[in-house]
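This is what each chain is made of:
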Amino acid sequence: MHTMLVSFEGQISDPDLDQFLSDIEKSMKDTGGVRSFSAQHHIPVVGEEAIPAFIATAVLQFGVESQDDLATLFAAPGAIDVIHKWKADHPYKVAWVNHEVLA
């Protein structure tokens, strides 16, 4: 499983965020290595902006079956275009973790 946390530096509208999530999903699914995908918006809590922490705007999860599939995600040709397009209009930072899913 590849879990990605995306934190936009400024405000981003829900429609724009949904489009970003859709664009990332498509670029990753186009690799053929994605077995499942989910994305959720962050639910803000009053006062969290005062906490010196990485606060994600959204969390994305890409299910993969193997390390080869995982490596394929990182080489996704369309992902670079998506990243450059969105970072130009809405700068963001990313954190991720690759992890096993325990049944």
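Read on for an overview of the structure.

The rules we used
Residues numbered from 1 in each chain as written. Predicted model: local features only at pLDDT ≥ 70, side-chain atom pairs only at ≥ 80, totals over all residues. Heavy atoms only, no water. Pairing = 2+ DSSP bridges. Helix = DSSP H or I, 4+ residues; strand = E, 2+ residues; numbered from the N terminus. Axes fitted to C-alpha atoms, helices over the stretch in contact; angles between N-to-C directions. Expected span 1.5 Å × (residues − 1). Buried < 20%, exposed > 50% of the residue type's maximum accessible area, 1.4 Å probe, protein only. Arc of directions from axis to C-beta. Contact = heavy atoms within 4.5 Å.

### Comments concerning the sheet that holds strand S2 (residues 36-41)
Read from one edge of the open sheet, 4 strands run S2-S3-S1-S4, paired in antiparallel fashion. The sheet terminates laterally at S2 and strand S4 (92-98), the two strands that pair on one side only. Strand-to-strand twist of the sheet, defined as the mean angle between neighbouring strand axes without regard to direction, takes the value 15 degrees. Pairing between strand S1 (residues 2-8) and strand S3 (residues 58-63): 5 bridges, direction antiparallel. Bridge pairing links His2 to Phe62 in S3.

### Remarks on helix H1 (residues 14-29)
Taking 1.5 Å as the rise per residue, H1 with 16 residues should run 22 Å; its terminal C-alpha atoms sit 22 Å apart, in good agreement. Along H1, the residues that are buried comprise Leu17, Phe20, Leu21, Asp23, Ile24, Ser27 and Met28. Buried residues of H1, viewed axially, fall in a sector of 160 degrees; they line one side. Exposed side of H1, more than 90 degrees from the buried face: Pro15 and Lys26 are the residues found there. Among the structural elements, S1, S2, S3, helix H2 (67-74), helix H3 (77-89) and S4 are those in contact with the buried residues of H1.

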